[in-house]
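Observations on chain architecture
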Amino acid sequence: EKGGHDYFMLKEIEEQPEALANTLRGHFVDGRIVLDEQRLADQDLRDVDKVFVVACGTAFHSGLVAKYAIEHWTRLPVECELASEFRYRDPVLDRDTLVVAISQSGETADTLEAVRHAREQKARVLAICNTNGAQIPRESDAVLYTHAGPEIGVAATKTFLAQIAANYLVGLALAQARGTKYPDEVAREFHELEAMPDAVRHTLGVVPQVRELARELADSKAILFLGRHVGFPVALEGALKLKELAYMHAEGFAAGELKHGPIALIEQGLPVVIAMPSPKGRAVLHAKLLSNINEIQARGARTIVIAEEGDDTVKPFADHLIEVPAVPTLLQPLVSSVPLQVLAAEIARSRGYDVDKPRNLAKSVTVE
Ligand code: M6R
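Notes on the structure in this doc start here. (Residues numbered from 1 in each chain as written. Predicted model: local features only at pLDDT ≥ 70, side-chain atom pairs only at ≥ 80, totals over all residues. Heavy atoms only, no water.)

**Considering empty space enclosed by the protein**
Within the structure shown, the criterion is met by 1 cavity of 30 Å³ or more. Forming the boundary of the largest cavity are 15 residues, of which Gly-231, Ala-275, Met-276, Pro-277 and Gln-332 lie nearest the centre. Only strand 11 (302-308) and helix 14 (332-350) provide two or more residues apiece to the lining of the largest cavity. Looking at the lining of the largest cavity, the element that brings in the most residues is strand 11, giving 3 residues. Grouping the constituent residues of the lining of the largest cavity by class yields 8 nonpolar, 5 polar and 2 charged. (1 Å grid on protein atoms, 1.4 Å probe; cavity = no way out; pocket = protein on both sides within 12 Å on 5 of 7 lines; lining within 4 Å. Points joined across faces, edges and corners; volume = space filled by probe spheres on them. Helix = DSSP H or I, 4+ residues; strand = E, 2+ residues; numbered from the N terminus. Nonpolar A, V, L, I, M, F, W, Y, C, P; charged D, E, K, R; others polar.)

Next comes the structure, spelled out in structure tokens:
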């Protein structure tokens, strides 16, 4: 049942290419993006003047990634917020607000309450969910299902990648309805997404290398994660995985924040994982991150760098280099998250913990 793997999570990590392909299938028909249970008219999408993304945990990190893409494609302001915070402040919502509620289980109490609150304020709610007929999609105006299949491991993996893909479909559907992207641009973005299952399959080649690294890092006191732009949520997700599975202190930071405090944590031998942007994307992002790595390496950190294949400029700064395939910048989280998932699972395993059932956690959190 674990497909020859020691634990479900590794099987689920390996199922990510299919999870992505299945989530994208059927959503580009006759040159147009189509969502599934679309109970919102095209006019509703055209009228949207603000987007809130609400979710918890890993689903929240998928929303943070989506913010970059949706703002870029639609020119709409997008706020991504933890459902538990959104619900208890007084967010400004009206019928032209689109609230995207992301939940693998579709039963998370905090996210469900956020949905109810949004609907009371007359906002339109679109759910992104992996579980057919769950409560959150039932109470939403529209649903887009991720087709990642059942996820047994408590740590979300394939549903995270599928959520990013689904969020991107929502972004493209909005761009299409609002005319902020020409049809051929929407088509090009969709085809780039369609190429991602292969890129993720290729990325899975890093598993043996990361497994060996995990054995070396298993006794670390803490591990830090750094990223910029879409690499920032990747860093947060890498840290969350490590906390929940390996019970190790882990923090994800926006690399630009280093000098505002976290750099004080750097000491001799501290492992720091860095998600590098593509050197072919925004050159300024790449240059800034290189200088951040330089700074922490000079202070003794052990740098573990996830970089695009062939990016020779990072080599002098990487004590350990993990190469992932070259993909467009907005799609990088789909490849750079994979080694972080494996790292957390394998450190947990080296420490003798149950990877699929970490202590104190439940797969679906139905209390607030
Ligand atoms: O079912 P949901 O997507 O609403 O769950 C949200 C979080 O509880 C979930 O992502 C949690 O953070 C995972 N254990 C992370 O791996």
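Continuing now.
**Let's talk about the packing of helix 2 (residues 16-24) against helix 10 (residues 196-203)**
Axis separation between helix 2 and helix 10 bottoms out at 8 Å; the angle between their running directions is 175 degrees. Considered as vectors, helix 2 and helix 10 are oriented roughly antiparallel to each other. The segment helix 2 lies against helix 10, with Gln-16, Pro-17, Glu-18, Leu-20 and Ala-21 engaging Met-196, Pro-197, Val-200 and Arg-201. Of the residues that constitute the contact of helix 2 with helix 10, the class distribution is 6 nonpolar, 1 polar and 2 charged. (Axes fitted to C-alpha atoms, helices over the stretch in contact; angles between N-to-C directions. Parallel < 35°, antiparallel > 145°, perpendicular 65-115°, else oblique. Contact = heavy atoms within 4.5 Å.)

**Some remarks on unusual backbone geometry**
Unusually for a residue other than glycine, Tyr-247 sits at a positive phi of about 50 degrees. Residue placement: Tyr-247 occurs in the loop between helix 12 (231-246) and strand 9 (249-254). Although it is not a glycine, Asn-360 adopts a positive phi angle of roughly 65 degrees. Tracing the backbone through its elements, the reader meets Asn-360 in the segment after helix 14.

**As for the nonpolar core**
Counting residues in each nonpolar core, the largest one holds 90 residues, and the members touching the most others are Tyr-168, Leu-174, Phe-225, Leu-242, Leu-334 and Ile-347. Per-element tally for this core: the top contributor is helix 8 (residues 158-178), with 13 residues. If we skip the residues at most four places from it in the chain, Leu-242 touches Ile-223, Phe-225, Tyr-247, Met-248, Ala-250, Ala-344 and Ile-347. Core analysis: the second largest hydrophobic core is formed by 22 residues, Leu-270, Ile-293, Ile-296 and Val-305 among them. (Core = buried A, V, L, I, M, F, W, Y, C linked by side-chain atoms within 4.5 Å. Buried < 20%, exposed > 50% of the residue type's maximum accessible area, 1.4 Å probe, protein only.)

**Focus: the environment of Val-210**
Within the secondary structure layout, Val-210 lies in helix 11 (residues 207-217). Look at Val-210 and you get buried, because its relative accessible area is 1%. Between the C-alpha atoms of Val-210 and Leu-126, which are 84 residues apart in sequence, the distance is 37 Å. With residues up to four places along the chain from it excluded, the contact list for Val-210 reads Ile-322, Pro-339, Val-342 and Leu-343.

**Thoughts on the pattern of salt bridges**
All told, the structure shown has 22 salt bridges when counted by the stated rule. Between Arg-349 and Asp-6 there is a salt bridge, and its shortest N-O distance comes to 2.1 Å. Here the residue Arg-349 occupies a position in helix 14, and Asp-6 occupies one in the segment before helix 1 (8-14), the gap between them amounting to 343 residues. Judged by relative accessible area, Arg-349 falls into the partly exposed class, the value being 29%. Here Glu-346 and Arg-211 are joined by a salt bridge, their closest N and O atoms 3.1 Å apart. Taken together, the positions of Glu-346 in helix 14 and Arg-211 in helix 11 put the pair 135 residues apart, joining distant regions of the chain. (Salt bridge = Lys/Arg side-chain N within 4 Å of Asp/Glu carboxyl O.)

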